Amino acid sequence: MQNFDAKSRLAELLYNKSYQEGNFTLTSGKKSDYYFDCKQTALHPEGAFLLGRIFLDMLYTYDNYPEGVGGMTLGADPLVSAVTVMSYLDNRPLPGFIVRKKAKGHGTGQFLEGMANFSPGQRVCMLEDVITTGGTLLSACERVRDAGLEIGPILCVLDREEGGSENIVRAGFDLKCIFTRQSLLRAAKGG
């Protein structure tokens, strides 16, 4: 499957399964006339395959291939799983980790799960489903750095184009998104 075809098909799935118009309150507290629930597509078999494939193809463009992928629970959980499985199938395995919203209340009390697969100083890619203000992603990045990992590229499914991507870049991160709202709508409608 060519990347262009994969991206077109992904746009169709995202539009049909994850994109809703109406009146919504976002995590940031902002009001919006649409909601994007990427989990609906990321938990679909074809959607998971396409997201894993496209994210890996994006990672292959970097000279410094990361040593793992991770992201903030719950939105990044299926993305991390898709990329780790696809990376294994491509014979370029990447372990994954998940960043908790709150530190584990028992046992190790840590923010990151999956750290047995990593060593301090390893370079990782952060995965995100949707960027609005970038606040959640920046908090996750802080926790990842506190755990001793270096953050390389950040890959996102949808940039809502509401200032979040600029905040991420201003914080010094390399961000690439598969779609913006406008490019998703154009792609899903065949334009």
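Residues numbered from 1 in each chain as written. Predicted model: local features only at pLDDT ≥ 70, side-chain atom pairs only at ≥ 80, totals over all residues. Heavy atoms only, no water.

A.B. asks: Describe in detail the pairing of strand 8 (residues 174-180), supporting the description with residues and values.
C.D. replies: Looking at chain direction, strand 7 (residues 150-159) and strand 8 are connected through six bridges and run parallel. Bridge pairing in strand 8 places Cys156 opposite Cys177. For the handedness criterion, the β-α-β arrangement of strand 7, helix 6 (residues 164-170) and strand 8 is classed as right-handed. (Pairing = 2+ DSSP bridges. Helix = DSSP H or I, 4+ residues; strand = E, 2+ residues; numbered from the N terminus. Right-handed = clockwise from strand over helix to strand, strands pointing away.)

A.B. asks: Requested: an account of unusual backbone geometry, with residues and values cited.
C.D. replies: Each neighbour pair has its own omega, and for Thr73 with Leu74 the value is 10°, a cis peptide bond. Assignment of secondary structure puts Leu74 in the loop between strand 3 (69-72) and helix 4 (77-89). One non-glycine residue, Asn91, adopts positive backbone phi at about 65°. Looking at the element boundaries, Asn91 is found in the loop between helix 4 and strand 4 (96-99). Backbone geometry places Glu161, a non-glycine residue, at a positive phi of 60°. Relative to the assigned elements, Glu161 resides in the loop between strand 7 and helix 6.

A.B. asks: So what's going on with the side chain of Arg53? Which residues, and what values?
C.D. replies: With respect to the helices and strands, Arg53 occurs in helix 3 (residues 45-59). Among all residues touching Arg53, those that are not within four sequence positions of it are Tyr60, Met86 and Asp90. (Contact = heavy atoms within 4.5 Å.)

A.B. asks: Help me get a handle on the layout of surface pockets, residues and values and all.
C.D. replies: The calculated volume of the largest pocket comes to roughly 530 Å³. Taken together, 25 residues make up the lining of the largest pocket; nearest its centre are Thr27, Glu128, Asp129, Val130 and Thr136. Those elements that place two or more of their residues in the lining of the largest pocket are strand 2 (31-36), strand 6 (123-131) and helix 5 (135-146). Element by element, the count of residues in the lining of the largest pocket is highest for strand 6, at four residues. In terms of residue class, the lining of the largest pocket is made up of nine nonpolar, ten polar and six charged. (1 Å grid on protein atoms, 1.4 Å probe; cavity = no way out; pocket = protein on both sides within 12 Å on 5 of 7 lines; lining within 4 Å. Points joined across faces, edges and corners; volume = space filled by probe spheres on them. Nonpolar A, V, L, I, M, F, W, Y, C, P; charged D, E, K, R; others polar.)

A.B. asks: Could you give an account of helix 3, with specific residues and numbers?
C.D. replies: A rise of 1.5 Å per residue sets the reference length of helix 3, with its 15 residues, at 21 Å; its end C-alpha atoms lie 21 Å apart and thus fit the reference within 8%. By the burial criterion, the buried members of helix 3 are Gly47, Leu50, Leu51, Gly52, Arg53, Ile54, Phe55, Leu56, Met58 and Leu59. (Expected span 1.5 Å × (residues − 1). Buried < 20%, exposed > 50% of the residue type's maximum accessible area, 1.4 Å probe, protein only.)

A.B. asks: Could you give an account of the sheet that holds strand 4, naming the residues involved and the relevant values?
C.D. replies: Picture the strands of a sheet paired through backbone hydrogen bonds; they go either parallel or antiparallel. Across the sheet, which stays open at both edges, the six strands sit in the order 5-4-3-6-7-8 with mixed pairing between neighbours. In this open sheet, the two edge strands, each paired with only one partner strand, are strand 5 (112-113) and strand 8. With seven bridges joining them, strand 6 and strand 7 adopt parallel strand pairing. Along strand 7, the bridge assignment pairs Val130 with Leu158.

A.B. asks: For the nonpolar core, give the residues involved together with the corresponding values.
C.D. replies: The nonpolar side chains of a soluble globular protein tend to be buried with one another. Phe55, Leu59 and Leu127 are the most contacted members of the largest nonpolar core, which totals 37 residues. Secondary-structure elements contributing two or more residues to this core are helix 1 (3-17), strand 2, helix 3, helix 4, strand 6, strand 7, strand 8 and helix 7 (181-188). Looking at which element gives the most residues to this core, the answer is helix 3, with seven residues. When near neighbours in sequence (up to four residues on either side) are disregarded, Phe55 contacts Leu79, Val83, Leu127, Glu128, Leu155, Cys156, Val157 and Ile178. Formed by 19 residues, the second largest nonpolar core is a distinct cluster that contains Met126, Leu137, Ile151 and Phe173. (Core = buried A, V, L, I, M, F, W, Y, C linked by side-chain atoms within 4.5 Å.)

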